[in-house]
Amino acid sequence: MTNAIVVEDLRKRFDDVVALDGVDLEVEHGTVFGLLGPNGAGKTTAVRVLATVLPPDGGRAEVLGHDVVRDADRVRRRIGMAGQFAAVDPNLTGRENLEMVGVLSQLPRAAIVARAGELLERFQLSEAGDRPVRTYSGGMRRRLDIGASLVATPPVLFLDEPTTGLDLTSRNELWDMIRELVADGTTVLLTTQYLEEADQLASRIAVVDGGKVIANDTPTNLKAQLGSTVVEMTFADGAAAEHAATALAGTEATATDREGSDLRVSSDRGAKVLVEVLRRLDAAGIEPVTLAVREPSMDDVFLALTGRHVELGAEAGAA
Amino acid sequence: MSATDVSAFDTVRDHRVPLGILRDTVALARRGLIAYRRVPQLLVFSTIQPVIFVVMFRYVFGGAVAGSLPPGVDYVDYLMPGIFVQTAVFGAIAAAIGLASDMKSGLMERFHALPMSRAAVLTGRTTADLCRNAFVVVLMMVVGFLVGWRIHTNVWGLIAGGLLVLFFGYAMSWIFATLGLAVGDPETAQAAAFPVLAPLVFASSAFVPVETMPSWLQWFAEHQPVTANASAVRALTFGGPTAEWVIKALAWDIGIFIVFAIISVRLFKKAV
């Protein structure tokens with residue numbers, strides 16, 4: 001068995017919202033799999049079904065060979081889950097939270113005490129370990145929450161947007177922690193809205209939109225479709241932008257997209273395309289109002305895959 | 001055990017045996033009780049309110065109500081059993097707020113993904129409230145003695161009365177557990193609880209004899225659980241037709257417990 005997670009034609013709807021519209025996935029043992037998509041794409045629903053929290057309406061999902069519906073208890077003994085909110089009790093101390101999860105994971109008493117101490121240390125919470133969680137900062141709560149998902153040393157871990165709301169330092173620490181876990185053999189399924197995060201951690205990325213997987217590939221291949229660099233320009237008006245787009249036709253750009261007076265060019269040739277863009281614009285006598293060079297974002301992925309931008313605020317209630 | 005040694009996970013203890021359910025219940029009840037210790041306001045509010053009721057009814061409304069009581073009955077002896085029952089009912093709201101908070105915070109989702117007893121989330125919560133109620137009822141008995149309440153039966157009547165109040169409070173916890181799971185938001189749970197509580201507590205024999213109410217209200221007041229339990233505790237501590245009221249009260253309490261335990265467990269399985 002090489003796949004830790006197998007999902008076939010998974011379906012789930014909430015009243016009139018279709019959250020999962022026939023999702024297929026395979027996650028290889030000991031790897032990080034990234035589910036990338038905007039709010040309401042169905043990422044959280046997929047994680048909830050895999051973690052046995054929600055029953056699916058149709059299709060099949062297996063974790064380590066155990067069906068999430070028929071064998072829910074066996075699945076629960078093998079998974080850890082950290083959701084979007086720090087699911088810890090604010091009135092308990094960090095240690096008490098971890099110990100409670102240990103008891104509820106049916107671990108023997110001695111193992112629980114040792115494991116709680118170990119996790120507090122690992123997540124740099126030893127000093128705060130005996131303080132009530134309501135005195136913790138947001139980053140500390142999130143670390144504790146992830147610690148709680150690891151109490152039973154689960155071979156499969158679900159992380160639902162683990163770095164949302166974290167500052168850069170905490171995010172980088174968390175990324176390192178995830179890499180360590182995977183080095184130890186843990187399989188991680190991670191959802192994110194950031195292409196960079198999926199790219200940094202995952203060996204495979206599925207892009208989800210409207211409850212469907214619209215792409216499933218390695219980060220390298222996904223980015224090759226996108227270009228690793230995006231040059232974003234704004235012009236005085238739509239006509240100037242159109243003129244610029246014509247001037248730039250035939251460059252080594254992977255994709256060129258014009259929307260009103262905005263023009264973006266993506267390429268996997270990095271700085272070289274920027275030089276060429278500037279040279280051609282200069283030759284054509286067009287001057288952009290603004291020009292920025294950046295890494296591709298999830299919005300660029302969407303544009304490349306669906307021809308449309310991520311809809312902001314398209315948060316389906318069932319997300 | 002290594003992360004990939006899969007078979008080891010089924011050899012650890014099972015939560016489905018009765019002992020496992022008990023263990024999970026204790027773990028979650030402990031969690032609820034720690035909250036009372038760490039956030040003393042929770043306990044202070046649930047004790048100050050009944051003390052205010054005692055003082056208010058004993059000294060403010062007491063004189064007016066006394067006229068409607070049979071001759072020779074002291075209002076404080078009538079009032080205190082009502083206060084105990086009212087305290088237990090108001091205290092039961094904690095189950096609604098607690099479970100709704102867990103749903104909102106995501107803790108409920110974590111519980112759903114753990115290999116634990118499903119029912120323990122509810123039995124743990126209601127057990128914590130039962131322990132809190134035991135503390136508050138004893139405290140209210142002391143307050144009662146201080147304002148002149150006396151036992152006219154014997155110590156067994158007092159103990160039986162105390163236990164009946166706790167059982168009623170426990171049964172009510174399941175009504176509010178159901179409410180909390182149904183609304184899923186602590187503020188809404190609190191707002192929704194009052195319309196349930198107010199008619200039960202005030203249109204009852206808890207504070208005033210039901211004979212003083214208009215006949216349509218009297219019918220409701222005579223046939224509802226707060227009256228049955230308050231009258232039973234009154235009979236146990238003051239005297240009167242004890243068996244009749246105690247049987248009625250137990251019938252209500254057992255009925256409420258069974259019906260709402262079933263409904264709330266069903267709701268829990270769907271609540272995330």
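What counts, and where the lines are drawn
- The residue numbering used here restarts from 1 in each chain and proceeds along that chain's sequence as written.
- Here the convention is simple: chains get letters from A, ligands get numbers from 1, in the order in which they are written.
- Local features are withheld for residues below a pLDDT of 70 in this predicted model, meaning they are given only at 70 or higher, and side-chain atom pairs are given and counted only at 80 or more; totals for whole chains, interfaces and linings count all residues.
- Residue burial is a threshold on neighbouring C-beta atoms within 10 Å of the residue's own C-beta, all placed from the backbone, with 20 or more meaning buried, 12 or fewer meaning exposed, and counts in between meaning partly exposed.
- Counting from the N terminus, the helices are the DSSP runs of H or I reaching at least four residues and the strands are the DSSP runs of E reaching at least two.
- If DSSP finds at least two bridges between two strands, the strands pair.
- We call two residues in contact whenever the C-beta atoms placed from their backbones are within 7 Å.
- The angle between two axes is taken between their N-to-C directions and runs from 0 to 180 degrees, where each axis is a line fitted to C-alpha atoms and a helix contributes only its stretch in contact.
- Note that Gly is not counted as nonpolar here; it falls among the polar residues with everything else outside the nonpolar set of Ala, Val, Leu, Ile, Met, Phe, Trp, Tyr, Cys and Pro and the charged set of Asp, Glu, Lys and Arg.
- These descriptions rest on fixed angle ranges, namely under 35 degrees for roughly parallel, over 145 for roughly antiparallel, 65 to 115 for roughly perpendicular, and the rest for oblique.
- Take the buried Ala, Val, Leu, Ile, Met, Phe, Trp, Tyr and Cys residues, join any whose C-beta atoms are within 7 Å, and the set you get is a nonpolar core.
- Residue ranges for the domains originate in an automatic or database domain assignment.

Asks: Talk me through the pairing of strand 9 (residues 204–209) of chain A; I want residue IDs and the actual numbers.
Replies: Residues and elements named next belong to chain A. In terms of burial, strand 9 is a largely internal element, five of the six residues being buried. Two strands pair when backbone bridges link them, and strand 9 and strand 10 (residues 212–217) are joined in this way by five bridges, in the antiparallel orientation. Its bridge partner lying in strand 10, isoleucine 205 is registered against aspartate 217. The hairpin turn running from strand 9 into strand 10, its antiparallel successor, is two residues long, and glycine 210 in that turn takes a positive phi close to 55°.

Asks: Please set out the sheet that holds strand 5 (residues 66–67) of chain A residue by residue, giving values where relevant.
Replies: All names here are of chain A. Across the sheet, four strands lie side by side as 2-1-4-5; this open sheet has antiparallel pairing. Each edge of the open sheet is held by one strand with a lone partner, namely strand 2 (17–28) and strand 5. Across five bridges, the pairing between strand 1 (residues 3–14) and strand 4 (residues 58–63) is antiparallel. Looking across to strand 4, one finds that isoleucine 5 is bridged to valine 63. Sheet contacts for helix 1 (residues 43–50): strand 1, strand 2 and strand 4; angle to strand 1, the most-contacted strand, approximately 115°.

Asks: Any details on the sheet that holds strand 10 of chain A? Residues and values, ideally.
Replies: One key point about sheets: their strands pair by backbone hydrogen bonds, in either a parallel or an antiparallel sense. Residue and element names in this part refer to chain A. Pairing in this open sheet of six strands is mixed, and the strands run 6-7-8-3-9-10 from one edge to the other. The sheet is open, and its two edges are formed by strand 6 (79–82) and strand 10, each paired on a single side. Between one strand axis and the next, the sheet turns through 15° on average, direction left out of account. Summarising the sheet, strand 6 and strand 7 (residues 156–160) pair through four bridges and their orientation is parallel. Each bridged residue has a counterpart across the sheet, and for alanine 82 the counterpart in strand 7 is leucine 159. The strands touched by helix 1 within the sheet are strand 3 (32–36), strand 7, strand 8 (187–192) and strand 9, with strand 8 carrying the most contacts at an inclination of about 150°. Its contacts with the sheet put helix 5 (residues 138–149) on strand 6 and strand 7, and the angle it makes with strand 6 is roughly 165°.

Asks: Before we move on, can you summarise the interface of chain B and chain A with the specific residues and values?
Replies: At the interface, 30 residues of chain B touch 33 residues of chain A. Of all the secondary structure elements, the ones that give two or more residues to the side of chain B that touches chain A are helix 1 (18–38) and helix 5 (107–112) of chain B. By residue number, the principal contributor to the side of chain B that touches chain A is helix 1 of chain B, which donates eight residues. Tallied by class, the residues present in the side of chain B that touches chain A amount to 15 nonpolar, seven polar and eight charged.

Asks: So what about the packing of helix 3 (residues 75–91) of chain B against helix 8 (residues 186–202) of chain B? Which residues, and what values?
Replies: Two packed helices can be described by the angle between their axes and the distance between those axes. Residue and element names in this part refer to chain B. Relative orientation of the contacting elements helix 3 and helix 8 amounts to 170°, with a least axis distance of 11 Å. When the axis of helix 3 is compared with that of helix 8, the two are roughly antiparallel. Of the residues in helix 8, those in contact with Gln86, Val89 and Phe90 of helix 3 are Leu197, Leu200 and Val201. In terms of residue class, the contact of helix 3 with helix 8 is built from five nonpolar, one polar and no charged.

Asks: An account of the nonpolar core is needed here, citing residue identities and associated values.
Replies: In this structure, Leu50 and Leu189 of chain A together with Val85, Ala96 and Phe176 of chain B are the most contacted members of the largest nonpolar core, which totals 154 residues. Looking at this core, the element that brings in the most residues is helix 7 (residues 155–183) of chain B, giving 12 residues. Mapping this core onto the domain boundaries places at least three of its residues in each of domain 1 (3–217) and domain 2 (224–306) of chain A. With residues near it in sequence (within four places) discarded, leucine 189 of chain A still touches Ile5, Val27, Phe33, Leu35, Val47, Leu50 and Phe158 of chain A. Counting residues in each nonpolar core, the second largest holds 11 residues, with Val231, Met233, Leu248 and Val273 of chain A among its members.

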